[in-house]
Every structure is written in structure tokens, then in C-alpha cells.
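# Chain and residue survey
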Amino acid sequence: AEQQAREFADQEGGVYISPYNHRDVIAAAGTIGLEIVEAMPEFDVAVVPLGGGGLASGMGLAIKAAAPKATIVGVEVEASSPFTLSLEAGRITRITPRPSIADGLVGNLEPGSMTFQLVKQVVDYVVTVSEDELTRAMKGLATEERLIVEGAGAAAVAAIMAGKASGPGQQVVAMVTGANVDLPKWLYTIS
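Let me sum up the structure you'll find in this document. (Residues numbered from 1 in each chain as written. Predicted model: local features only at pLDDT ≥ 70, side-chain atom pairs only at ≥ 80, totals over all residues. Heavy atoms only, no water.)

## Comments concerning the overall build of the protein chain
In terms of helices and strands, the protein chain carries 8 helices and 4 strands. Along the protein chain, from the amino end to the carboxyl end, the secondary structure elements read α-α-β-α-β-α-α-β-α-α-β-α. Oriented by its inertia axes, the alpha-carbon framework of the protein chain measures out at about 50 × 40 × 30 Å. Counting only residues that meet the buried cut, the protein chain has 45% of its 191 residues in that class. (Helix = DSSP H or I, 4+ residues; strand = E, 2+ residues; numbered from the N terminus. Buried < 20%, exposed > 50% of the residue type's maximum accessible area, 1.4 Å probe, protein only.)

What follows is the structure, encoded as C-alpha cells:
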């Protein structure tokens, strides 16, 4: 879809704005970090889903400025972990993504993406979650919080439930980011 959008913008003389690799998108995500710090000035860990890195970059920049002791944890899915591999390699590395119920987190980073360096700077570490962990988080959010959440939106909660993003007694903020899922697909996923 991204490739087609770029081609369309080129053909029609339009402007392509990346949903994650654009200064304004990253700055907008930063306002979420500022709202979190305003609502909860004391916390230990912020857990953020990590797809293209725009949300984690913006939130991380804002939180590190306003609450520098907070730890930022990025969460990728095992089916698509470009940041995990790229951070290990020290450069953006192309992956072969597999299907995931967290389709909003699946894909490669744009070559030269500014989010790679930003995530490297502000995210303290990156963890991955499995499809089963995502499913458990989606079920848990529905039963405990009465929230219908898409797979990508449940990634932070999945990491916390799996014990990958925080320790006992820590004050944790989990970014639950979306409910863009068809009800029949959601019911099938959690059944």
C-alpha cells in the first residue's frame, strides 16, 4: 500500500506523507507522551507498539525530555521484527514479514527512515511477542477492561502480560492503540 501511495503521489503531483517516517507525524506522537507525563508524572516504564517507529519515536522523545528516568520499551511481533534485527545489525535491515494478527505492525522500514535513529536513541529496549501472546492480550482486554482491540493495539499489553516489558512493583504505562478490527475477525481470533 505504501509503494502504491508513493507511486500515486509521484504520478499525480501529490505529496506523500509517511504514516510513521515524517517529522510532523513523529511530533504529533510526542504530544501523547506529554499527555501521559501530565496525567501520570511518576511512572517507571512506558510500553509502546513498534511498527514503523513513528509512535515510539515521538513518545520516546517527549517522555525522555519530561521524565528522563522512565524506561521506554518497544514491542514488535515475532512475525515482523525489523527493529530487532536492524538494531542488532546497526543499520536498517530488510526482513521477510510473515502474517500476523497485528497487521498494523507488519512490514519493513523505509530505507533511510529517520525513525531508526530515533528509536535507537529513545527506546531503551525492544521485545517481541508471539501470536498467542497477542491473542491472550486481546482476550484479557475484552474480559477485564471491556475493550475490543486489534492485534497491533494489544501488543504493549501482550508484552506486559508475558513478563517481557516490566518488573514487579513498577508503575507501567501501556499504549493500547487501536480498535480497527472487524468483529467477525476479532471473534475468530480470540476463540
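## Considering the environment of Lys 69
On the secondary structure map, Lys 69 appears in the loop between α3 (54-66) and β2 (71-77). Sequence separation between Lys 69 and Val 45 is 24 residues, and the spatial gap between their C-alpha atoms is 8.9 Å.

## Some points on the nonpolar core
Val 47, Val 75, Val 77, Val 129, Leu 134 and Ala 159 are the most contacted members of the largest nonpolar core, which has 26 residues in total. Elements with a minimum of two residues in this core: β1 (45-49), β2, β3 (125-129), α6 (131-145), α7 (155-161) and α8 (183-190). The contact partners of Val 77, leaving out residues within four places of it in the chain, are Ser 100, Ala 102, Leu 105, Val 106, Thr 128, Val 129, Glu 131 and Leu 134. Grouped together as the second largest cluster of nonpolar side chains are 21 residues, Tyr 20, Ile 63, Phe 83 and Val 173 included. (Core = buried A, V, L, I, M, F, W, Y, C linked by side-chain atoms within 4.5 Å. Contact = heavy atoms within 4.5 Å.)

## What about unusual backbone geometry?
Of note in this structure, Arg 146 is not a glycine but carries a positive phi near 60 degrees. As for its placement among the helices and strands, Arg 146 is situated in the loop between α6 and α7. Given the relative accessible area of 66%, Arg 146 is considered exposed.

## Some words on helix α4 (residues 82-89)
Listed in full, the buried residues belonging to α4 are Pro 82, Phe 83, Thr 84 and Ser 86. Where the residues of α4 are buried, they touch β2, α5 (114-122) and β3.

## Notes on the sheet that holds β2
The parallel open sheet is built from 4 strands, whose spatial order is β3-β2-β1-β4. Strand pairing shows two members of the sheet lacking a second neighbour, β3 and β4 (172-174), which therefore form its edges. On average, each strand axis in the sheet is tilted by 25 degrees relative to the strand beside it, whichever way the strands run. (Pairing = 2+ DSSP bridges. Axes fitted to C-alpha atoms, helices over the stretch in contact; angles between N-to-C directions.)

## Here's the deal with the side chain of Thr 135
Following the sequence through the fold, Thr 135 ends up in helix α6. When near neighbours in sequence (up to four residues on either side) are disregarded, Thr 135 contacts Ile 101, Thr 189 and Ile 190.

## A few points about α8
Of all the residues in α8, the buried ones are Trp 186, Thr 189 and Ile 190. Taken end-on, α8 shows its buried residues confined to a sector of 85 degrees, consistent with a single buried face. Looking at α8, the residues exposed on the side facing more than 90 degrees away from the buried face are Pro 184 and Tyr 188. (Arc of directions from axis to C-beta.)

## Regarding the packing of α3 against α5
As a packed pair, α3 and α5 sit with axes 9 Å apart at the nearest point and diverge in direction by 40 degrees. Taken together, the axes of α3 and α5 are oblique relative to one another. Where α3 crosses over α5, the two elements pack in a sense that is left-handed. Where α3 approaches α5, its residues Gly 54, Ala 56, Ser 57, Gly 60, Leu 61 and Lys 64 are matched on the opposing element by Thr 115, Leu 118, Val 119, Gln 121 and Val 122. For the contact of α3 with α5, the class distribution of residues is 5 nonpolar, 5 polar and 1 charged. (Parallel < 35°, antiparallel > 145°, perpendicular 65-115°, else oblique. Left-handed = near helix turned anticlockwise from the far one by under 90°. Nonpolar A, V, L, I, M, F, W, Y, C, P; charged D, E, K, R; others polar.)

## Description of the side chain of Ser 57
Along the chain, the position of Ser 57 falls in helix α3. With relative accessibility at 0%, the residue Ser 57 sits in the buried group. With sequence-adjacent residues up to four places away left out, Ser 57 is seen in contact with Ile 26, Thr 115, Leu 118, Val 119 and Val 122.

## Overview of the pairing of β2
The element β2 is extensively covered by neighbouring structure, given that 6 of its 7 residues are classed as buried. Sheet topology places β1 next to β2; 5 bridges connect them, and they run parallel. Looking at β2, one finds that Ala 46 is bridged to Ile 72. You can see the chain leave β1, run along α3 and come back into β2, and the turn it takes is right-handed. Pairing geometry for β2 and β3, over 5 bridges, is parallel. (Right-handed = clockwise from strand over helix to strand, strands pointing away.)

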